[in-house]
Amino acid sequence: MMYRSFIAVLLLAAILSVAQSSKPKADSWGEPTRKKAEFYAASDVPESHILLTKQWYEIASKAWGNYGPLEFWIVGTDQEAAQKLDERYCEVRKKKDAGVDLDGCRNRSHNFERYAREGNAGLNTQRNEHADWSGFIVTMASKNPGPQEEDYKSVTLHEYFHVYQHAHIFSKSREERENRTQKNPWWIEGGAEYMAQLLYSRQTGVREGYLIEKMKRKLRAIDDLEDGESIRNIAYGRRGHIAYSLGAWFVAFVIDKSSEEAFRVRFFKDLNKLGFEGSFEKNFEHTSQELLREFHEEFLKKSESEMLQILPPR
Ligand SMILES: [Zn+2]
């Protein structure tokens, strides 16, 4: 009797260990992590440029939570160095996900050489049904803006807010992710831009009136908006800047009607489960259609000084 139950225990242990080893790794997407971002840089990027990027990543992740896995890739202006960084990038991709197609990676169109030539910054969110690795890849460059420009700091915050946004969408399906971010830039870019400028304006040493100055400049986009046109319908590309600028204003408008907590925390907490419109209505007490209508038909028709009044006092 004792012998038989001993075998049963052994069997159970064997079954349990098989069950455990075949269990896929837990998917911790969207959970704040203690693991810091990784930094990679081209050989012509000075240490001070890397430190500056780290500093603004720290400010962003302290304010909004630390999410990942996250990599920063910093490109200089030297083409050859950028090419070498591209090579390194593909090695890292392959190491993190054996299924990565190395040739496809090497031949990607928006590579670091292009960033070395044109500058700019960008976030690449990798999360889909076909890849083992999910994560965020931020590319920062040395112009448009360069590290000596003030905008470099808010752009780093902007890219990190995109990390925050995408960390709050669990699905691996492209369609489900796109529904939650909205395909056109007004909401996702408007949110990243306004939150970045707001956080930057609150840092010690930043001049009083900074936010007003930046937001005033964004109002110029009203002139580029066509009669009856909604920012919701503007795509990325040639006229995308209108959606970036007035999208930032729309987010300021939504926050003025609710609160920063409702936009930055609660909307994103509910986004995954309720979807874009569900979370919008729950947290802002109106449909997005209603608030967009009021924004275009009433708010944007006000005088500049009236509009500026919704910005938080510094
Ligand atoms: Zn952006």
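Residues numbered from 1 in each chain as written. Predicted model: local features only at pLDDT ≥ 70, side-chain atom pairs only at ≥ 80, totals over all residues. Heavy atoms only, no water.

## Details of the confidence of the model for the protein chain
For clarity, the threshold we go by: For every residue, the predictor states its confidence as a pLDDT score lying anywhere from 0 to 100. Throughout, a contact is declared for two residues whenever any of their heavy atoms are within 4.5 Å.
In the predicted model, the protein chain carries a mean pLDDT of 93, and the fraction of residues at 70 or more is 92%. Every residue in residues 14-22 scores below 50 in pLDDT, and together they form zero contacts with partners more than four places removed in sequence or on other chains.

## What to know about the coordination of the zinc ion
Stated precisely, the cut-off is as follows: The donor definition counts N, O and S atoms within 2.8 Å of each metal and applies 3.2 Å to Na, K and Ca; water is not among these atoms, so some sites may look incomplete. For helices the rule is a DSSP run of H or I covering at least 4 residues; for strands it is a run of E covering at least 2, with both sets numbered from the N terminus onward. Partly exposed residues are those whose accessible area sits between 20% and 50% of the maximum for their type, while under 20% is buried and over 50% is exposed, using a 1.4 Å probe and protein chains only.
Coordination sphere of the zinc ion, protein contribution only: His158 (NE2), His162 (NE2) and Glu189 (OE), at 2.0 to 2.1 Å. Donor residues for the zinc ion sit on one chain with the sequence pattern H-x3-H-x26-E. One end of the pair, His158, is in helix α6 (residues 151-167); the other, Glu189, is in helix α8 (residues 185-201), with 31 residues separating them in the sequence. Grouping residues by exposure puts His158 and Glu189 together as buried.

## A few points about the environment of His286
Mapped onto the fold, His286 is located in the loop between α11 (260-284) and α12 (288-297). It is 41 Å that separates the C-alpha atoms of His286 and Ile74, two residues lying 212 residues apart in sequence. When residues no more than four places from it in sequence are discounted, the contact partners of His286 are Phe280, Glu281 and Leu291.

## Quick look at the sheet that holds strand β3 (residues 122-126)
Inclusion rule: Paired strands, in this sense, are two strands between which DSSP finds at least two bridges. Angular values range over 0 to 180 degrees, each being the angle between N-to-C directions of two axes fitted as lines to C-alpha atoms, with helices fitted over their stretch in contact.
The sheet built from four strands is open, its strands ordered β1-β2-β4-β3 with mixed pairing. Among the strands making up the open sheet, the edge pair consists of β1 (38-41) and β3. Each neighbouring strand pair of the sheet contributes to a mean axis angle of 20 degrees, computed without reference to strand direction. Here β1 pairs with strand β2 (residues 70-74) via four bridges, running parallel. In the strand pairing of β2, Glu38 is matched with Glu71. Sheet strands touched by α6: β2, β3 and β4 (135-140). Its angle to β4, the strand with the most contacts, is close to 165 degrees.

## Focus on empty space enclosed by the protein
Heads up, the rule is: Definitions used throughout: a 1 Å grid over protein atoms alone; a cavity as a set of points that fits a 1.4 Å probe which cannot get out; a pocket as an open set with protein on both sides within 12 Å along at least five of seven lines; a lining residue as one with an atom within 4 Å of a point. Grid points are joined across faces, edges and corners, and a volume is the space filled by probe spheres set on the points. Put simply, Ala, Val, Leu, Ile, Met, Phe, Trp, Tyr, Cys and Pro go in the nonpolar bin, Asp, Glu, Lys and Arg in the charged bin, and everything else, Gly too, in the polar bin.
A complete count under the given rule lists one cavity of 30 Å³ or more for this structure. Computed from the structure, the largest cavity encloses a volume of approximately 40 Å³. Lining the largest cavity we find Gln165, Ile169, Arg180, Thr181, Trp187, Ile188, Phe268 and Leu271. Elements supplying a minimum of two residues to the lining of the largest cavity: α7 (174-181), α8 and α11. Split by residue class, the lining of the largest cavity holds five nonpolar, two polar and one charged.

## Details of the side chain of Ser154
Within the element layout of this structure, Ser154 appears in helix α6. For Ser154, a relative accessible area of 4% puts it in the buried group.

## As for the nonpolar core
Nonpolar side chains in soluble globular proteins tend to be buried together. The following threshold applies: Only buried residues count toward a nonpolar core, which is a set of Ala, Val, Leu, Ile, Met, Phe, Trp, Tyr and Cys residues joined through side-chain atoms within 4.5 Å. Marked domain ranges trace back to an automatic or database domain assignment.
In this structure, Trp187, Tyr194, Trp249 and Phe250 are the most contacted members of the largest nonpolar core, which totals 89 residues. Taken together, domain 1 (38-167) and domain 2 (178-308) each give at least three residues to this core, which thus spans both. In contact with Phe250, other than residues within four places in its own chain, are Trp186, Trp187, Ile231, Phe280, Leu291, Leu292 and Phe295.

## Quick word on the pattern of salt bridges
Under the convention used in this document: Within this document, salt bridges are pairs made up of a side-chain nitrogen of Lys or Arg and a carboxyl oxygen of Asp or Glu, the two lying within 4 Å of each other.
For the coordinates displayed, the defined rule picks out 22 salt bridges. Close ionic contact of Arg207 with Glu213 constitutes a salt bridge, the shortest N to O distance being 3.1 Å. Its relative accessible area of 37% is what places Arg207 among the partly exposed residues. Note on Glu213: relative accessible area 31%, which makes it partly exposed. Arg293 is paired through a salt bridge with Glu298; the nearest N and O atoms lie 3.3 Å apart.

## Points about the domain arrangement of the protein chain
Frequently, the measure chosen for interface size is the accessible area that the parts lose on association. Just so we agree on the cut-off: Buried area: the accessible surface (1.4 Å probe) lost by two parts on joining, summed over both.
Domain boundaries assigned for the protein chain yield domain 1 (38-167) and domain 2 (178-308). The distance between the C-alpha centroids of domain 1 and domain 2 comes to 25 Å. Across the boundary between the two partners, domain 1 contributes 16 residues, which contact 21 residues of domain 2. Roughly 1600 Å² is buried in total at the junction of domain 1 and domain 2, and carbon and sulfur atoms are behind 63% of that figure. Interface area lost by domain 1 to domain 2 is led by Glu150, His158 and Gln165, which between them contribute 32%.

## Quick look at α11
Applicable threshold: Each residue after the first adds 1.5 Å to the expected span of a helix. To obtain the bend at a residue, axes are fitted to the seven residues ending there and to the seven starting there, and the angle between these axes is taken.
Helix length check: α11, at 25 residues, gives a terminal C-alpha distance of 11 Å against a target of 36 Å (1.5 Å per residue), a shortfall beyond 12%. At Leu274, α11 is bent by approximately 130 degrees, the largest bend along its length. Of the residues trailing α11, Glu285 is marked for its positive phi of about 60 degrees.

## Some remarks on the pairing of β4
Of all six residues that make up β4, six are buried, and the element is covered over most of its length. The pairing of β2 with β4 spans five bridges and is classified as parallel. Bridging from a neighbouring strand, Phe72 pairs with Val138 of β4. In the sheet, β3 pairs with β4 via five bridges, with the strands oriented antiparallel. Its bridge partner lying in β4, Gly122 is registered against Thr139.

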